[in-house]
Amino acid sequence: MPTISVDKHALYKALGKEYTRDEFDELCFEFGIELDDDTTGQEEPPQLKIEIPANRYDMLCFEGIAMNLNVFLGRQAMPQYRLSRPKDGKLLEVTVKPETQQVRQYFSCAILRGVKFDEARYQSFISLQDKLHQNLARQRSLVAIGTHDLDTLKGPFTYEALPPEQIKFAPLNQTKEMNAKEMMEFFEKDLQLRKYLPIIRDKPVYPIIYDANRTVLSMPPIINSNHSKITLKTRDVFIDITATDKTKLEIVNHILVAMFSMYCAEPFTIEPVKIISPHNNESRETPDLSPRATTVSSSFINSICGLTLSRDEISALLTKMCHSSRPSKTSDDLLDIDIPITRADVLHQADIMEDAAIAYGFNNLPRHFPSVSHGVAAALPINKLADIVRLEAAMAGWTEVMPLILCSHDENYAWLNKADDNKAVRLQNPKTAEYQIVRTSLLPGLLKTIRENRKHAVPMKIFEVSDIGVKDEKLERRSRNVRHFAAAWYGKSSGFEQVHGLLDRVMLMLRSAVITRDDELKKGEMTGYFIEEVEDSTYLAGHVAAIYLQLKGQSAVKIGIFGILHPKVLKHFDLPFPTSTLELNLENFM
Amino acid sequence: MPGQRGPVPVPLHNGSRDLTLDILEALEENDPFQTQSQFPETPQAEIKAALDRLASRSMVEYDTQDREIVVLTAEGQQIADEGSHEYKVWKAVKASGKLSIKELPQKVAAESAKVGQGNAFKLKWIKKDGDSLVPIADSVQDVTRELLEHVATNAAFPDPKQLKDYQKRKLVATQKQIAYKVRKGPRWAKEIPVEVTDLTAEMLEDGSWQTANFKPYNFKALGANQNSGALHPLNKVREEFRKIFFNWDFIEMPTARFVDSGFWNFDALFVPQQHPARDLQDTFYVSDPPSSGPPGPDPIADAALDEMEADSATFSTSTSKSSKLDYAKYASDVRAVHETGAFGSIGYRYPYNEAETTRLVLRTHTTAVSTYCLHRLAANPRPARYFSIDRVFRNETVDATHLAEFHQIEGVIADYGLTLGGLMDFLASFFKKLGITNLRFKPAYNPYTEPSMEVFGFHAGLDKWVEIGNSGMFRPEMLLPMGLPEDLRVYGFGLSLERPTMIKYGVSNIRELLGHKVDLGFIESNAAVRLDKD
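Residues numbered from 1 in each chain as written. Chains lettered and ligands numbered in written order. Predicted model: local features only at pLDDT ≥ 70, side-chain atom pairs only at ≥ 80, totals over all residues. Heavy atoms only, no water.

Peer 1: What is the right way to look at the packing of aromatic side chains in this model?
Peer 2: Aromatic rings in a pair are described by how distant their centres are and how their planes are angled relative to each other. The tally for this structure, following the rule as stated, stands at 50 aromatic pairs over all chains. Consider the rings of phenylalanine 157 of chain B and tyrosine 166 of chain B, whose centres lie 5.2 Å apart with planes at 45 degrees: the pair is tilted. With relative accessibility at 7%, the residue phenylalanine 157 of chain B sits in the buried group. You can call tyrosine 166 of chain B buried: its relative accessible area is 6%. Chaining the aromatic ring pairs together yields one cluster made of Phe369 of chain A together with Phe241, Phe245, Phe246, Trp248, Phe250, Phe387, Phe426, Phe430, Phe431, Tyr491 and Phe493 of chain B. Across the ring face of tyrosine 19 of chain A, the terminal group of lysine 17 of chain A is positioned such that the distance to the ring centre comes to 4.8 Å. The ring of tyrosine 285 of chain B is capped by arginine 359 of chain B, whose NZ or CZ atom sits 3.7 Å from the centre of that ring. (Phe/Tyr/Trp six-rings, centres within 6.5 Å; stacked < 30°, edge-to-face > 60°. Buried < 20%, exposed > 50% of the residue type's maximum accessible area, 1.4 Å probe, protein only. Lys NZ or Arg CZ within 6 Å of the ring centre and 35° of its normal.)

Here it is, written out as structure tokens:
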């Protein structure tokens, strides 16, 4: 969630009231934003740090926060944004060249006339662009904004795409001209801009905007030209917006003009620009300021809110959330509603319903749980089984631990003296080597837990019942979890009989008797388990056995292994004392 | 430790000397007696230990006496033995009749000559005669020596005022002495009887328990260590949450599936493909296996759900037969609601990338499984309640409050006619079970719920409102592509298992609660979980 810093005194002045911290906190709470911090006493002028929901692009600046709260408080009507054409009726024209489709095909723009900037407004304008770039525009990859002093430029403009060598201009805050290739190298050193370079670096052509004199406006999404840079003295602002996402292109245009047209000579007016882009059917005038007209069902709103409001009452609530609405003339239930250009977050009547609920006050809604459902509780079968084993192990005097599911490749394989069996799910983008794969065994976690607890008295007896993960090509997710039970004994002697005893105990509790007589085993008539010495590189030779489970009428399956860990394994996990472990798959008991 | 078998005498001495016997003998003759006079040479600690052994058996009683005593310094002792310096000088002069001053140090020690001469003059025992000394007194009384002899026997001056003067002269010093006044106790005996440490089967059998002399039990010590096993604190809290859910007829969802597809984890939840949660910075993507198959039924999950829902079916009033789920249509409807808008939504209107739907991720929330269960519900839409508590994964930078893994508690209620206030009412009941009675709800944003509410509870200990969970009603854009009817509304709510546990136990670092760095001692000593009590 973005956090916006606003001047506290200026905001309270805009809201017409000096709030106490608690009062403002309360207002934020009711509206659904969050006062994160008040820097009074730490910096001058004091700032309020306000957390904004990620879909409220109309509150990413001081102007938007003040306007939305003022409308919510009923201190201000929602501004009516309108287009203002030049007196001669001749719109500025921008021609979009088809080559732009290779790199960044969508273009939008607008003109704000007679803007009165001061330091605070100027900073807010820059900061809003930055917030939009970071959030909605996904680090400029989807949308990029450029702003220009229109007086330094001459229309009509062209939006083109050219090989980098052919693009040459002095970028923002630089006096030296360079070509785009040089520029990409130059900005590699710029901590802010370097992250945007990959968006176009390897493209054959780079996007570029020119005026009638071939003066560069900007090379989106990287940098504006120094020539047309806006200053505190700038009066007429040209905003260029380029995008790979058409919807977000217009949202960004709407937000920028809605927030800053209030400073225009004639407030809330925007001068449109004619875009000529026939190759992709995007020729039009931008921006389109008409609100989105839709309908919302009053019974839907009432039913979810548990209220019985009239349509007029609902309209009054929606007005506080910037919507303009009125009872429909053609229906008893519907409201006709105009959603302003600022409210791009409204997608469905559910969003309008939520706005009505916020305006009413979530905490004022009648609280009554009208459930008529009746089902029967049930525990997940694998969890029931796991709980039996957990309780039996704890009753036998073992302590349950909860290591992590992710581990390093070495911990899961090399440190257990095992070769990679290509069963593990691997992660693409871990931040540390601690998390490379999903464990295929519970042992690494148990051994790490012992390592971290070496100060604890010995013997240590720990266990875990939890899932490991393995690849499985047959399934949709190409992998599955397997519920395992594992235990480790760590002490001055090996504890081999101890883990063996724990195995016997758990098996007994799972109604699985020891099978020792070969004839019964052969007949497959008994349900039970038996163990058999095996070779396994994780364990000390001669002190390791496989565990087999035989279900009546079926052939025996290997479900686990136990033994004394190989001294090399102990060394890998930095364990000075002998350790015996037990690990088995519980799924066969389902 | 089991008691030793049979009555055994309790050894009451260490080494060669049996002090307890000496004390008993002394008391037989002198009742009461003072230890410092009876056993002046014995160290106080030994006396105390012996007395305690006897006193614990009520054989003796004693009072402790703290006092200050006066002892002689080495010089003081010498004076007590040989006489004062002035006495020595007088004696030497008297013996010679007339003694040259120069010769005096040869007759008496140099120190005595120096100090004693002056004192002997003052006392008028001797006088000067030219270069020599001659006696005046025929006989003298050596008061200093007599006083020091008194102190040596009585450890005090007859007149306490004298102490200061003698301390100044470095002839005496004071010491703290702990002494005991010992008398016979109610169970006095001249010998310690044979004692037994424990009641045994043999004693019951031969009746000796009736006369046996039991060794007193030390009620101040802890009992024997039980060497017991222990369940993990997080799992204990988890179990309490499960019980709450079961009491409200929730069915536990099949969450045994760490890996899920972009479709189930994000797309089906109406999380747009450009949402920051889908960034590499936030989500663990899987490199191997490379991608998922198309969305379809999960036989493992379905088998578990069939088994669990069998009982609910007998209560179901629905007569409609289950319809077959069309996963391909579901996938294309999900795409439509993102890309072009559908089901009354204008959608996000962006180019939907099929490759994103089959990217495998480590699930970032168990809501991926809730989505599966809700879609499955569309085969036979009806009221239902599901919950899960299981591990989820976030590609977080690890710190005191963030781990790459944690547990999510999630509840889902599907029913007709649900209201937003109903969710608040339900959550109030839910959190009441955790001892949190005061709730407030803050409007919030979540891509798959609308309305969305953050749940705040008043924490009396911290004296502030703390966020304790998230909740909302699932969006139509999520539910309608599943094929659920419009009037079947669905609540969703969730919280982490770790956060309430950390608040409850005052754990400030999540790594002390989950993972291999957790202290086994903490697990072993962690009290039973009673969410509604403490």
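Peer 1: Would you explain the domain arrangement of chain B in this entry?
Peer 2: Where the parts come together, the accessible area they lose is often given as the size of the interface. By the assigned domains, chain B splits into domain 1 (17-84 + 142-223) and domain 2 (233-311 + 324-525). Inter-centroid distance (C-alpha atoms) of domain 1 of chain B to domain 2 of chain B is 74 Å. (Domains from an automatic or database assignment.)

Peer 1: I tried to follow the UniProt feature "domain: B5" (unreviewed entry) in chain A on my own but got confused; where do I start?
Peer 2: Those residues carrying the UniProt feature "domain: B5" (unreviewed entry) are residues 289-367 of chain A in this numbering. Helix and strand shares over residues 289-367 of chain A are 37% and 20% respectively, and the end C-alpha atoms of the span are 40 Å apart. (UniProt positions renumbered as here; feature names shortened; annotations may be inferred. Helix = DSSP H or I, 4+ residues; strand = E, 2+ residues; numbered from the N terminus.)

Peer 1: Help me out: how do you make sense of the nonpolar core in this one?
Peer 2: Grouped burial of nonpolar side chains is what soluble globular proteins tend to show. Within the largest apolar cluster, 141 residues are counted, with the highest numbers of intra-cluster contacts made by Phe24 and Ile50 of chain A together with Phe241 of chain B. Ranked by the residues each element gives to this core, the list is headed by helix α6 (residues 246-260) of chain A, at nine residues. Ignoring anything within four residues of it in the chain, the contact list for phenylalanine 241 of chain B reads Ile389, Ile409, Phe430, Leu434, Leu495, Leu497, Pro500 and Leu531 of chain B. By size, the runner-up hydrophobic cluster in this structure holds 75 residues, among which are Trp398 and Leu510 of chain A together with Phe263 and Phe474 of chain B. (Core = buried A, V, L, I, M, F, W, Y, C linked by side-chain atoms within 4.5 Å. Contact = heavy atoms within 4.5 Å.)

Peer 1: How do you make sense of the interface of chain A and chain B when you look at a structure like this?
Peer 2: Of the residues lining the interface, 96 residues belong to chain A; the matching set on chain B comes to 119 residues. Both sides of the chain A and chain B interface together cover about 9100 Å² of buried area, and 57% of this is carbon and sulfur. Counting the contacts that link chain A with chain B gives eight salt bridges. Between arginine 440 of chain B and glutamate 26 of chain A there is a salt bridge, with the nearest N and O atoms lying 2.9 Å from each other. In this assembly, chain A and chain B are joined by 46 residue pairs in polar contact (both at pLDDT 80 or more). Broken down by element, the side of chain A that touches chain B gets its largest block of residues, seven residues, from helix α9 (residues 349-360) of chain A. The residue inventory of the side of chain A that touches chain B, partitioned by class, reads 45 nonpolar, 25 polar and 26 charged. As paired elements, strand β23 (residues 426-427) of chain A and strand β9 (residues 286-288) of chain B share two bridges and run antiparallel to each other. The partner of leucine 427 of chain A across the bridge, within β9 of chain B, is valine 286 of chain B. (Buried area = accessible area lost by both parts, 1.4 Å probe. Salt bridge = Lys/Arg side-chain N within 4 Å of Asp/Glu carboxyl O. Polar contact = N/O pair within 3.5 Å; in protein donor to acceptor, adjacent residues only side chain to side chain. Nonpolar A, V, L, I, M, F, W, Y, C, P; charged D, E, K, R; others polar. Pairing = 2+ DSSP bridges.)

Peer 1: Explanation requested: the sheet that holds strand β28 (residues 528-533) of chain A in the structure shown.
Peer 2: Paired through backbone hydrogen bonds, the strands of a sheet run either parallel or antiparallel to each other. Residue and element names in this part refer to chain A. Strand order across the open sheet formed by eight strands is β21-β25-β26-β31-β30-β29-β28-β27, with mixed pairing between neighbours. In this open sheet, the two edge strands, each paired with only one partner strand, are β21 (399-400) and β27 (513-514). Taken together, the two bridges between β27 and β28 define a ladder with parallel strand orientation. Counterpart to valine 514 in the pairing with β28 is tyrosine 529. Contacting β21, β25 (460-471) and β26 (479-490), helix α10 (residues 381-395) runs over the sheet at an angle of about 160 degrees to β25. (Axes fitted to C-alpha atoms, helices over the stretch in contact; angles between N-to-C directions.)

Peer 1: It is not clear to me how the UniProt feature "domain: Aminoacyl-transfer RNA synthetases class-II family profile" (unreviewed entry) in chain B should be interpreted in this structure. Could you clarify?
Peer 2: Following the UniProt record, one finds the feature "domain: Aminoacyl-transfer RNA synthetases class-II family profile" (unreviewed entry) at residues 383-503 of chain B. The straight-line gap between the two end C-alpha atoms of residues 383-503 of chain B is 34 Å; of that span, 19% is helix and 50% is strand.

Peer 1: How should the state of the cysteines be read in this particular structure?
Peer 2: Any covalent bond linking the sulfur atoms of two cysteines counts as a disulfide. Residues and elements named next belong to chain A. Counted under the stated rule, the structure contains zero disulfides over all chains. Just so you know, cysteine 61 is unpaired, no disulfide at all, and the nearest cysteine sulfur is the one on cysteine 322, 13 Å from it. Here cysteine 109 stays unpaired: no disulfide links it, and the sulfur of cysteine 264, its closest cysteine neighbor, is 15 Å away. (Disulfide = S-S within 2.5 Å.)

Peer 1: Which parts of the structure should I look at to understand empty space enclosed by the protein?
Peer 2: By rolling a water-sized probe across the atoms, one finds the places where empty space is left. All told, the structure shown has seven cavities of 30 Å³ or more when counted by the stated rule. Approximately 270 Å³ is the volume attributed to the largest cavity. Elements that contribute at least two residues to the lining of the largest cavity include exactly α10 and β25 of chain A together with α11 (233-247) and β11 (384-393) of chain B. Here the residues of the lining of the largest cavity are counted per class, giving seven nonpolar, four polar and nine charged. As a volume, the second largest cavity reaches approximately 160 Å³. In this structure, the second largest cavity is lined by 18 residues; those nearest its centre are Pro53, Asn55, Arg56, Glu354 and Ile358 of chain A. For the lining of the second largest cavity, the element with the highest residue contribution is α9 of chain A, accounting for four residues. Of the residues that constitute the lining of the second largest cavity, the class distribution is nine nonpolar, two polar and seven charged. (1 Å grid on protein atoms, 1.4 Å probe; cavity = no way out; pocket = protein on both sides within 12 Å on 5 of 7 lines; lining within 4 Å. Points joined across faces, edges and corners; volume = space filled by probe spheres on them.)

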